[in-house]
Protein chains: 2
Amino acid sequence: MKTFKIILEYDGAGFCGWQAQGQGERTVQGELESVLLKVFKKPVMAIASGRTDSGVHARGQAVSFKADTRMKPLEIMRALNSLLPSDVVVREGTRVKSNFHAQYSVKEKTYRYTVLNRGYRSAFLRDRALFYPYSLNMTRMRRAARHLVGRHDFKSFQAYDPLRAERQTVRTIKKLALKKEGELIFIDITADGFLYKMVRNIVGTLLAIGSGQLPTEKMADILKAKDRKAAGETAPAHGLCLMQVKY
Amino acid sequence: MKTFKIILEYDGAGFCGWQAQGQGERTVQGELESVLLKVFKKPVMAIASGRTDSGVHARGQAVSFKADTRMKPLEIMRALNSLLPSDVVVREGTRVKSNFHAQYSVKEKTYRYTVLNRGYRSAFLRDRALFYPYSLNMTRMRRAARHLVGRHDFKSFQAYDPLRAERQTVRTIKKLALKKEGELIFIDITADGFLYKMVRNIVGTLLAIGSGQLPTEKMADILKAKDRKAAGETAPAHGLCLMQVKY
């Protein structure tokens, strides 16, 4: 048995996330495993760095699997790409040590949230960016974001979900950068790990602060509260993209 | 009656082009006119700068129409955007002189053709760029493109189509620029007018030259031949986007 790591790009618009919650849902894992079965003629389990929710995109989702094969990583990548549907593609393929595990071996992950901040929506970005037509103060958002960088208990930003909530809610945000490029705002967050819907809850809170619904100073209180009710709304899934996973 | 000009952005992937060829096809004109009917309570005919084919995108399609209304252009734009489907949007709206005609008044148009030139396809660009995994020589393509700039008979680049072929096939290409940005190649063409499938036929020929299937010098011969058979294949529709129309 050999262990492989592949890097996946997928357009989340057509998927009910990485892993199925219910029956008959189209998932990235489902599509990938059905193609792995065709390539290796045996069921192969695909393990992602983490589950992405319905509508969330990936440019750099890392996935590991084991297979008894003589195929080289590049051959596997080409075989998968020739069979995978057009909204998911393998960008890289490498052989890794047998103890590598795409979920447990993660060192850090980077997510990008994209906001289209102008008066009218976009036909091209309809599934890729949050359309937000209200004025946003970047200085206030950046000042509020600074409170989140470092090692903190992010319980206030963890979604209620008995199946996905974690007890240990301390994480380290290594980088939180807000960039404005024309009418687009990119919120890039790198951390050693993320709680369920943590990025979307942080983005929702930053938007509330940027638009003036919440005062800038409020961010420190929200963090201290360790209560989901203290933070802002959850930003929609379609603006979110998993950019990179480091091991 | 007042005359208005609007600038439309649309994702061509979900449309059978601007205007229907057959019954029951989803078209941009059809979607727009059904919304114009709702806003003005009367049938309103929408005239585009030109028909875009099935799968072709637009960032700056110009459309004119006449309506008996007290609404201001910005109000019309907002009303249309609130009713139009998510893959088409009005970017600008202005009132114009009554003799303005979006098709007949055109001075120049700019199209962009996008090529993804790398070894593996993209989930995000699957409907927006031509995936071309073979090596392309930009110098050769640029040298060949130079032959096309200026006033020429472009008959060799006009698609056969008894309904859309034009007798007068002389046009002026004002600008033809090839840009490489990472793995993307942009081919931007500005002309006073375009023959049917002219951009896609030029792009197909440039790709044949860039990949070495045709010699660079061949471009001058193709132009002289005034015969569609002399030129390269028609590049697929989904890489093409109407960027701007000038009046």
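Enquirer: Residues and numbers for the overall build of chain A, please.
Expert: Across its full length, chain A holds five helices and 10 strands. Over its C-alpha atoms chain A spans a radius of gyration of 19 Å, differing by no more than 12% from the 18 Å that the globule rule assigns to 247 residues. Projected onto its principal axes, the C-alpha coordinates of chain A cover approximately 60 × 40 × 30 Å. Across the 247 residues of chain A, 54% fall into the buried class. The contacts of chain A with a sequence gap of at least 6 include a subset with a gap of at least 24, amounting to 71%. Carbon and sulfur atoms provide 49% of the accessible area of chain A, an area that totals close to 11,800 Å². Looking at charge distribution, chain A has the averaged site of its 43 positive side-chain charges lying 4 Å from that of its 23 negative ones.

Enquirer: Which residues make up the relation of the copies chain A and chain B, and what values go with them?
Expert: Overlaying chain A with chain B gives an RMSD of 0.0 Å, the required rotation being 180 degrees about an axis along which the chain moves by 0.0 Å. In short, the pair behaves as if placed about a two-fold rotation axis. Across chain A, the smallest distance between a C-alpha and the rotation axis is recorded for F124 of chain A, namely 5.3 Å.

Enquirer: Can you lay out the environment of I47 of chain B for me, pointing to particular residues and giving the numbers?
Expert: All names here are of chain B. Of note, I47 is situated in strand β2 (residues 47-48). As for I47 and E33, which are separated by 14 residues in sequence, their C-alpha atoms are 10.0 Å apart. In this view, I47 contacts W18, A62, V63, S64, H101, A102 and Q103; residues no more than four positions away in its chain are not counted.

Enquirer: Kindly report on unusual backbone geometry, identifying the contributing residues and their values.
Expert: Phi at K197 of chain A takes a positive value of approximately 60 degrees, unusual for a residue other than glycine. Structurally, the position occupied by K197 of chain A is in the loop between β9 (184-191) and α4 (198-210). Its identity as a non-glycine residue notwithstanding, K226 of chain B has a phi of 50 degrees, on the positive side. Relative to the elements of secondary structure, K226 of chain B occurs in the loop between α5 (218-225) and β10 (240-246). Here K226 of chain B falls in the partly exposed class, since its relative accessible area comes to 44%.

Enquirer: Talk me through the pattern of salt bridges; I want residue IDs and the actual numbers.
Expert: Here the structure, examined in full by the defined rule, presents 24 salt bridges over all chains. When the shortest N-O distance is used, the salt bridge between K174 of chain A and E108 of chain A registers 3.0 Å. Of this pair, K174 of chain A sits in strand β8 (residues 170-181) while E108 of chain A sits in strand β5 (residues 108-116), and the two are 66 residues apart along the sequence. Taking relative accessible area as the criterion, K174 of chain A reaches 44% and is therefore assigned partly exposed. Residues D53 of chain B and R200 of chain B are paired through a salt bridge, measuring 3.5 Å at the closest nitrogen-oxygen approach. Of this pair, D53 of chain B sits in the loop between β2 and β3 (57-67) while R200 of chain B sits in helix α4 (residues 198-210), and the two are 147 residues apart along the sequence. Owing to a relative accessible area of 11%, R200 of chain B belongs among the buried residues under this scheme. Three or more residues joined by partner-sharing salt bridges are found here, namely E9 and R91 of chain A together with R118 and E183 of chain B.

Enquirer: Any details on the interface of chain A and chain B? Residues and values, ideally.
Expert: Between chain A and chain B, the contact holds 24 residues from the first and 24 residues from the second. Summed over both sides, the interface between chain A and chain B buries roughly 2,100 Å², with carbon and sulfur atoms accounting for 50% of that surface. Looking only at chain A, the three residues that lose the most surface to chain B are Y120, R121 and F124 of chain A, adding up to 38% of its buried area. Summed over the shared surface of chain A and chain B, the result is 22 residue pairs in polar contact (both at pLDDT 80 or more). Tallied by class, residues from the side of chain A that touches chain B come to 11 nonpolar, four polar and nine charged.

Enquirer: Would you mind going over the domain arrangement of chain A in detail, with residue names and values included?
Expert: Residues and elements named next belong to chain A. By domain assignment, chain A separates into domain 1 (2-96) and domain 2 (108-246). In this structure, domain 1 and domain 2 have C-alpha centres spaced 27 Å apart. Counting from both sides, the interface comprises 17 residues of domain 1 and, opposite them, 15 residues of domain 2. Buried surface at the junction of domain 1 and domain 2, both sides included, amounts to about 1,300 Å², of which 50% is carbon and sulfur. On the domain 1 side of the interface with domain 2, the three residues burying the most area are R51, D53 and H57, jointly 37% of the side's total. Counting across the domain 1 and domain 2 interface gives two salt bridges. One can count 10 residue pairs in polar contact (both at pLDDT 80 or more) joining domain 1 with domain 2. Partitioning the side of domain 1 that touches domain 2 into residue classes produces four nonpolar, nine polar and four charged.

Enquirer: Break down the packing of helix α1 (residues 28-40) of chain A against helix α2 (residues 73-83) of chain A for me, citing the residues and quoting the values.
Expert: Residues and elements named next belong to chain A. Across the interface, α1 lies against α2 with an axial gap of 10 Å and an inter-helix angle of 125 degrees. With respect to α2, the element α1 is oriented oblique. Considering how the two elements wind past one another, α1 and α2 form a crossing that is right-handed. Contact with α1, carried on its side by V35, L36, K38, V39 and F40, involves I76, A79, L80 and L83 of α2 and no other residues of that element.

Calculation criteria
- Residues numbered from 1 in each chain as written.
- Chains lettered and ligands numbered in written order.
- Predicted model: local features only at pLDDT ≥ 70, side-chain atom pairs only at ≥ 80, totals over all residues.
- Heavy atoms only, no water.
- Helix = DSSP H or I, 4+ residues; strand = E, 2+ residues; numbered from the N terminus.
- Rg over C-alpha atoms; globule rule 2.2 N^0.38 Å.
- Buried < 20%, exposed > 50% of the residue type's maximum accessible area, 1.4 Å probe, protein only.
- Contact = heavy atoms within 4.5 Å.
- Areas by Shrake-Rupley, 256 points an atom, 1.4 Å probe, with all protein chains shown as cover.
- Lys, Arg positive; Asp, Glu negative; His and termini not counted.
- Charge placed at Lys NZ, Arg CZ, Asp CG, Glu CD.
- Least-squares fit on C-alpha atoms with pLDDT ≥ 70 in both.
- Salt bridge = Lys/Arg side-chain N within 4 Å of Asp/Glu carboxyl O.
- Buried area = accessible area lost by both parts, 1.4 Å probe.
- Polar contact = N/O pair within 3.5 Å; in protein donor to acceptor, adjacent residues only side chain to side chain.
- Nonpolar A, V, L, I, M, F, W, Y, C, P; charged D, E, K, R; others polar.
- Domains from an automatic or database assignment.
- Axes fitted to C-alpha atoms, helices over the stretch in contact; angles between N-to-C directions.
- Parallel < 35°, antiparallel > 145°, perpendicular 65-115°, else oblique.
- Left-handed = near helix turned anticlockwise from the far one by under 90°.

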